[in-house]
Amino acid sequence: MAKQIHLNGFIQNSPSPHSTGLWKHEKDEGTNHNRLSYWIETAKILERGKFDAMFIADVLGTYSVYGDSHEAAVKHAVQLPAHDPLIPISAMAAVTENLGFAPTISATYAQPYALARQLSTLDHLTEGRIGWNVVTSYLESEAVNLGLSTRLPKELRYDRADEFLEVVYKLWEHSWKDDAVIFDRENDTFADPAKVYLINHEGEFFNVPGPHLVEPSPQRTPVLFQAGASPKGRDFAAKHAEAVFTKNHSLEALKAYVADIRERTVKQGRDAGDVLVFPMILPIIGSTEEEAYEKYEDLTKHVSYEGTASLLSGHTGIDFSKYDPDQYIEDVETEAVQGNLDMYTKDPNKKWTLREAIKNHGLGNGTVKFIGTAEQIADRIEEWAVEGDADGFNIAQTYSPDTFREFVDLVVPILQERGIYRTEYTGKTLRENMFGKGRAHLPDNHAAKKLGSFQSSLRGYKSSR
Ligand SMILES: Cc1cc2nc3c(=O)[nH]c(=O)nc-3n(C[C@H](O)[C@H](O)[C@H](O)COP(=O)(O)O)c2cc1C
């Protein structure tokens, strides 16, 4: 059987979040992100396209690196307004049956005990269709608004996230036995207290006695997504993630990334295929190749130069208001998103000026663009899946939600005809749709399953740390 690919739709609760300035396009409806109708329509499109999940990005602060101010971000809607990613999910779940939802939540600013409850609640309400994009956050403006005097160093953010996950694993996987809830009316017993454990977590960053506030949900642990790009980030992904998002300019860069992630995953005692790799792509479809390139040029005219400079400044940590547009981008180490900077400083084929980087970053946050007819785009998807070893694709948008609609109407049927994309969902839960029927839960080789052993007689659980 030919390799089967997976698809996710990339969105954020903000107008034109990944193509800065596209809110001005006549086809764009992203300014309706404050309406349930927008989310319901988008979810239905993705489910019609048999997507695994809607991946909802998020940031908790403004893009204020550019000119040391939030002005450009406010003026050009640079991922601002930034509404909550969790709130629209119940409404979308009510009008879909199989589509998963992977909201982004920061392990740097959330509290594990409360977050575990939120995601378990959603896993119940969606009947097992919840994922979580685990991020450690890169903006200084997030830190200072959320109780820190400054952004934590990247390494420390990952250390904290690692312990954060240990806490939520204990809550999700080990606090309630499968058969704890018994609904025994005669004995006035809703749940058996002998089967609900404290977790007694005592660590460097968190002390959480537990128990978990929610009885086991269909997947227990939500499907874990991550986008680590630094060596520490990749190790974190290899240990915890079930799928990773990546952003590449080229097939070569993708190949190197996938090989590295697979190797790191195996070192963690997992199977190479336990972490699915989803490169992000921006499809620009025309009825002819020429028309697609004309469309691309038209779309770039809607990109906001200053807005994108502000976005890129936030992504890289460099204040580009001080740059001349024809200046080459400097290769430095950043506490922000190293991968976003490396795209423009470590490209073996070219040196990037700020002006060129902005043109590229303005559409799809700088990710690779697949421009052409639907057939040509399907060809490249197949090439990246087979030669690049991608497991699936994270589809970004220019105008929303019509970029998704065009992709679902024009490209998905070709992928299905070629036998590389499903015509029906595999299972009920998100994890089954990603990994196959019968895999609603994390496999035994995952870090969450290796956190000490339980005995039913134990009232408390001593941390294995
Ligand atoms: C496709 C993609 C989507 C991302 N979405 C978010 C997001 O919504 N919020 C966020 O704070 N970081 C997001 N990131 C950034 C990553 O979480 C991570 O910080 C980044 O890839 C840098 O990794 P590193 O910290 O290991 O260098 C995203 C990255 C990629 C590639």
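As a reminder, the structure under discussion sits directly above these lines.
First things first, this report covers the structure right here in the doc. Within each chain, residue numbers correspond to sequence positions counted from 1 in written order. Given that the model is predicted, a residue must reach a pLDDT of at least 70 before its local features are reported, and side-chain atom pairs must reach 80 or more before they are shown or counted; all residues, however, enter totals for whole chains, interfaces and linings. Neither water nor hydrogens contribute to the side-chain values; these are computed over all heavy atoms in the structure.

**Re the overall build of the protein**
Helix numbers and strand numbers start at the N terminus; a helix is a DSSP run of H or I with at least 4 residues, a strand a run of E with at least 2. If you tally the helices and strands in the protein, you get 15 helices and 13 strands. Scaling as 2.2 N^0.38, a compact globule of 465 residues should have a C-alpha radius of gyration of about 23 Å, and the protein matches this with 22 Å. With respect to the three principal axes, the spread of C-alpha positions in the protein is 70 × 55 × 45 Å. The buried label goes to any residue with under 20% of its type's maximum accessible area, the exposed label to any with over 50%, and the partly exposed label to all in between, with areas taken from a 1.4 Å probe on protein chains only. Relative to its 465 residues, the protein shows a buried fraction of 59%. In what follows, a contact means two residues having at least one pair of non-hydrogen atoms within 4.5 Å. For the protein, the share of sequence-separated contacts (at least 6 apart) that also reach a separation of at least 24 residues comes to 76%. With an accessible surface of roughly 18800 Å², the protein has 50% of that area assigned to carbon and sulfur atoms. The centroid of the 50 positive side-chain charges in the protein is displaced by 3 Å from the centroid of its 68 negative side-chain charges. Atoms counted for the radius of gyration: C-alpha only. Globule rule: 2.2 Å times residue count to the power 0.38. Under the convention used here, a 1.4 Å probe and the Shrake-Rupley method define accessible areas, while residue burial counts only the protein chains that appear. His residues and chain termini do not enter the charge count, which takes Lys and Arg as positive and Asp and Glu as negative. Note that the charge is assigned to NZ on lysines, CZ on arginines, CG on aspartates and CD on glutamates.

**Describing the site of the ligand**
One heavy atom suffices: a residue is near a molecule or strand as soon as one of its heavy atoms comes within 4 Å of it. Looking at the ligand, there are 18 residues lining it, with Asp58, Lys154, Tyr158, Ala227 and Ser230 nearest. Here lysine 154 contributes a side-chain N or O atom positioned 2.9 Å from an oxygen atom of the ligand. In this structure, tyrosine 158 approaches the ligand through a side-chain N or O atom, which is 2.6 Å from an oxygen atom. Here the ligand, which alone exposes 620 Å², has 92% of that area covered by the protein. Looking at the shell around the ligand, the elements that each hand over two or more residues are strand 2 (53–57) and helix 6 (154–174). Counted as a polar contact is a pair of N or O atoms within 3.5 Å, where, for protein atoms, one must be capable of donating a hydrogen and the other of accepting one, and residues adjacent in sequence contribute only when both atoms are in side chains.

**Details of the side chain of histidine 446**
Note that histidine 446 resides in the segment after helix 15 (430–435). From its side chain, histidine 446 meets the backbone oxygen of histidine 240 in a polar contact 2.8 Å long. Not counting residues within four places of it along the chain, the set of residues in contact with histidine 446 comprises Tyr169, Leu224, Lys239, His240 and Arg270.

**A short note on the pattern of salt bridges**
Take a side-chain nitrogen of Lys or Arg and a carboxyl oxygen of Asp or Glu: if they are within 4 Å of each other, that pair is a salt bridge. All told, the structure shown has 34 salt bridges when counted by the stated rule. In this structure, aspartate 179 engages lysine 195 in a salt bridge whose closest nitrogen and oxygen atoms are separated by 3.2 Å. Note that aspartate 179 is positioned in the loop between helix 6 and strand 5 (181–184) and lysine 195 in the loop between strand 6 (189–191) and strand 7 (201–202), a separation of 16 residues in sequence. Judged by its relative accessible area of 40%, aspartate 179 is partly exposed. When its relative accessible area of 23% is taken as the criterion, lysine 195 is described as partly exposed. In this structure, a network of salt bridges that share partners links the residues Lys3, Arg262, Asp389 and Asp391.

**Structural notes on the packing of helix 6 against helix 7 (residues 231–240)**
Axes here refer to lines fitted to C-alpha atoms; in helices the fit is confined to the stretch in contact. Angles between the N-to-C directions go from 0 to 180 degrees. In the contact formed by helix 6 and helix 7, the axes pass within 10 Å of each other and the chain directions differ by 10°. With respect to each other, helix 6 and helix 7 are oriented roughly parallel. Residues Glu155, Tyr158, Asp159, Ala161, Asp162, Leu165 and Tyr169 of helix 6 form the contact with helix 7, whose participating residues are Lys232, Gly233, Phe236, Lys239 and His240. Only Asp, Glu, Lys and Arg are considered charged in this grouping, and only Ala, Val, Leu, Ile, Met, Phe, Trp, Tyr, Cys and Pro are considered nonpolar; every other residue, Gly among them, is considered polar. Of the residues in the contact of helix 6 with helix 7, the class split is five nonpolar, two polar and five charged. Just so you know how the angles are binned, under 35 degrees is roughly parallel, over 145 roughly antiparallel, 65 to 115 roughly perpendicular, and the rest oblique.

**Description of the nonpolar core**
To qualify as a nonpolar core, a set must consist of buried Ala, Val, Leu, Ile, Met, Phe, Trp, Tyr and Cys residues joined through side-chain atoms within 4.5 Å. Residues Phe51, Met54, Trp132, Ile381 and Phe393 are the most contacted members of the largest nonpolar core, which totals 78 residues. The contacts of phenylalanine 393, once residues within four sequence positions are left out, are Ile5, His6, Leu7, Asn8, Phe278, Pro279, Ile281, Ile381, Trp384 and Ala385.

**Digging into the packing of helix 7 against helix 8 (residues 251–267)**
When two helices pack together, their arrangement is captured by the angle between the axes and the distance separating the axes. One way to put it is that helix 7 packs onto helix 8 with a least axis distance of 8 Å and a crossing angle of 55°. Here helix 7 lies oblique to helix 8, going by the angle between them. Taken as a pair, helix 7 and helix 8 cross one another with a handedness that is right-handed. Judged by residue contacts, Pro231, Arg234, Asp235 and Ala238 of helix 7 engage Tyr257, Asp260, Ile261, Arg264 and Thr265 from helix 8. Along the lines of polarity and charge, the residues of the contact of helix 7 with helix 8 split into four nonpolar, one polar and four charged. Should the near helix be turned anticlockwise from the far one by less than a right angle, the crossing is termed left-handed; should it be turned clockwise, right-handed.

**Describing the pairing of strand 10 (residues 243–246)**
Here strand 10 shows no split at all, with Ala243 and Phe245 on one side and Val244 and Thr246 on the other all buried. Should DSSP find at least two bridges between two strands, the strands are taken to pair. Note that strand 9 (residues 223–226) and strand 10 share two bridges and pair parallel. Bridge pairing in strand 10 places phenylalanine 225 opposite alanine 243. Orient the strands so they point away from the viewer; a crossover is then right-handed if the path from the first strand over the helix to the second runs clockwise. With respect to chirality, the unit in which strand 9 leads through helix 7 into the neighbouring parallel strand 10 is right-handed. Where strand 10 and strand 11 (residues 276–285) come together, four bridges link them in parallel fashion. When the sheet's bridge partners are listed, phenylalanine 245 is paired in strand 11 with phenylalanine 278. With helix 8 bridging strand 10 and the parallel strand 11, this β-α-β connection has right-handed handedness.

**Considering the side chain of lysine 154**
Among the secondary structure elements, lysine 154 is positioned in helix 6. Side-chain polar atoms of lysine 154 contact the backbone oxygen of alanine 336, separated by 3.0 Å. Apart from the residues lying within four places of it in its own chain, the contact partners of lysine 154 are Ser230, Thr334, Glu335, Ala336 and Gln338.

**Quick notes on unusual backbone geometry**
Cis geometry is adopted by the peptide bond preceding proline 211, which originates at glycine 210 and carries an omega value of 5°. Position of proline 211 relative to the elements: it lies in the loop between strand 8 (207–208) and strand 9. Following serine 400, the chain continues into proline 401 via a peptide bond in cis, with omega recorded as -5°. You can see proline 401 is positioned in the loop between strand 13 (392–395) and helix 14 (402–417). In the Ramachandran plot, aspartate 68 falls in the positive-phi region, its phi being about 55° despite a non-glycine side chain.

**Some details on the packing of aromatic side chains**
Two aromatic rings from Phe, Tyr or Trp, using only the six-membered ring of Trp, form a pair when their centres are within 6.5 Å; if the ring planes differ by under 30 degrees the pair is stacked, by over 60 it is edge-to-face, and anything between is tilted. If you walk through the whole model with that rule in mind, you get 17 aromatic pairs. Consider the rings of phenylalanine 164 and phenylalanine 206, whose centres lie 5.7 Å apart with planes at 90°: the pair is edge-to-face. You can see phenylalanine 164 sitting in helix 6 and its partner phenylalanine 206 sitting in the loop between strand 7 and strand 8, a full 42 residues away along the chain. Overall, phenylalanine 206 belongs to the buried group, its relative accessible area being 4%. Ring centres of tyrosine 344 and tryptophan 352 lie 5.0 Å apart, and the angle between their planes is 80°; this geometry places the pair in the edge-to-face category. Like tryptophan 352, tyrosine 344 is buried. Pairwise contacts between aromatic rings join Phe10, Phe55, Phe225, Phe245 and Phe278 into one cluster.

Shape descriptors only; they carry no functional weight alone.
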